[in-house]
Amino acid sequence: MAFSEAQKTDIRFYLGYPDVYRYANPRLENAIEVVGGRPESQAKVELLLSLLANVMGANAGDPAQIDKALQNAGLKAVESADDRIEFGDSSGEGTYSSSSLNSVSDYGRMLVSALSSFMGVPIASNVFGKGGYVGDQWSQTNGMSNGFGFLMNM
């Protein structure tokens, strides 16, 4: 067994590694090969990838959890004769911030953390955050010493 190319791409994505620099990150690529060579380990990673796909909406079926949270973030309240149910941002600022969205993002980060721990590879960028690509600092923060991600003391 081995990971498919799509699964390898998902692993890189969720751990926040730029795909364009994958040749320069032997630690992650080696981890993908080692874990993908062990059926029990591969099954664990596939489960995490499936859960992450549910959060991001890559699986068919129900809308992504993150999409549901975004929709609820914009909805202030639903009232009926008997109930008042509030969703979304209570600050009135019209942002997409909500406890529901924050919970989904926290869940995604928890799954990414589990993937990182299991594979023994640091998280390079937070795909559930607002910051996006952090520039070439990802290589320094992940034990790499130059802009291409190679260790200088090999």
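Look up a bit, the structure's there.
These numbers were taken from a predicted model, which means no experiment stands behind them.

Asker: Help me understand the overall build of the chain, please; the structure alone is not making it clear to me.
Answerer: Across its full length, the chain holds 6 helices and 2 strands. Its helices and strands taken in sequence order, the chain reads α-α-α-α-β-β-α-α from the N to the C terminus. For the chain, buried positions account for 32% of its 154 residues.

Asker: Explain helix 3 (residues 39-56) to me, please; I cannot follow it from the model alone.
Answerer: Each full turn of the α-helix corresponds to 3.6 residues, which orients residues three or four apart in the same direction. Given a rise of 1.5 Å per residue, 18 residues ought to cover 26 Å, and the 25 Å separating the end C-alpha atoms of helix 3 matches this to within 8%. Burial in helix 3 covers these residues: Ser41, Gln42, Val45, Leu48, Leu49, Leu52, Ala53 and Val55. Seen along its axis, helix 3 keeps its buried residues to an arc of 150°; they face one direction. Downstream of helix 3 by one or two residues, Gly57 has phi in the positive range, about 95°.

Asker: What is the right way to look at the pattern of salt bridges in this model?
Answerer: Side chains carrying opposite charge are able to pair once their charged atoms draw close together. Applying the stated rule across the entire model yields 6 salt bridges. Among the ionic pairs, Glu5 bridges to Lys8, the shortest N-O distance being 3.3 Å. Separated by 3 residues within a single helix, Glu5 and Lys8 lie in helix 1 (residues 5-15), roughly one turn from each other. For Glu5, a relative accessible area of 49% gives the class partly exposed. Between Asp106 and Arg109 there is a salt bridge, and its shortest N-O distance comes to 2.5 Å.

Asker: Where do I start with the side chain of Arg12 in this structure?
Answerer: Structurally, Arg12 is set in helix 1. Looking at Arg12, the relative accessible area reads 3%, which means it is buried. Separated by 2.8 Å, the side chains of Arg12 and Glu29 make a polar contact. Ignoring any residue separated from it by four or fewer positions in sequence, one finds Arg12 in contact with Tyr17, Asp19, Arg22, Leu28, Glu29 and Ile32.

Asker: Is there a simple way to explain the packing of helix 1 against helix 3 in this structure?
Answerer: Think of two packed helices as two axes; the pair is described by the angle between the axes and how far apart they sit. Remark: helix 1 packs on helix 3, axes separated minimally by 11 Å, with the N-to-C direction vectors making an angle of 65°. As far as their axial angle goes, helix 3 and helix 1 are roughly perpendicular. Of the two possible hands of crossing, helix 1 and helix 3 adopt the one that is left-handed. Listed contacts from helix 3 to Gln7, Asp10, Ile11, Phe13 and Tyr14 of helix 1 are Gln42, Val45, Glu46, Leu49, Leu52, Ala53 and Met56.

Asker: Can you help me understand helix 1 in this one?
Answerer: If you check which residues of helix 1 are buried, you get Gln7, Lys8, Ile11, Arg12, Tyr14 and Leu15. Immediately beyond the C-terminal end of helix 1, within one or two residues, lies Gly16, with a positive phi of roughly 80°.

Asker: Looking at this structure, how should I read the packing of aromatic side chains?
Answerer: The geometry of an aromatic ring pair is captured by two quantities: the separation of the ring centres and the angle between the planes. The tally for this structure, following the rule as stated, stands at 1 aromatic pair. Between Phe13 and Tyr14 the ring centres are 5.0 Å apart and the planes differ by 70°, which places this aromatic pair in the edge-to-face class.

Asker: Would you mind going over the nonpolar core with me for this structure?
Answerer: It is characteristic of soluble globular proteins that their nonpolar side chains tend to be buried jointly. Residues Ile11, Leu15, Val45, Leu115 and Met119 are the most contacted members of the largest nonpolar core, which totals 23 residues. Broken down by element, the residue count for this core peaks at 6 residues, all from helix 3. Excluding its chain neighbours within four sequence positions, the residues that come into contact with Leu15 are Leu28, Val112, Leu115, Ser116, Val121, Pro122, Ile123, Ala124 and Ser125.

Quick notes on the rules
Residues numbered from 1 in each chain as written. Predicted model: local features only at pLDDT ≥ 70, side-chain atom pairs only at ≥ 80, totals over all residues. Heavy atoms only, no water. Helix = DSSP H or I, 4+ residues; strand = E, 2+ residues; numbered from the N terminus. Buried < 20%, exposed > 50% of the residue type's maximum accessible area, 1.4 Å probe, protein only. Expected span 1.5 Å × (residues − 1). Arc of directions from axis to C-beta. Salt bridge = Lys/Arg side-chain N within 4 Å of Asp/Glu carboxyl O. Polar contact = N/O pair within 3.5 Å; in protein donor to acceptor, adjacent residues only side chain to side chain. Contact = heavy atoms within 4.5 Å. Axes fitted to C-alpha atoms, helices over the stretch in contact; angles between N-to-C directions. Parallel < 35°, antiparallel > 145°, perpendicular 65-115°, else oblique. Left-handed = near helix turned anticlockwise from the far one by under 90°. Phe/Tyr/Trp six-rings, centres within 6.5 Å; stacked < 30°, edge-to-face > 60°. Core = buried A, V, L, I, M, F, W, Y, C linked by side-chain atoms within 4.5 Å.

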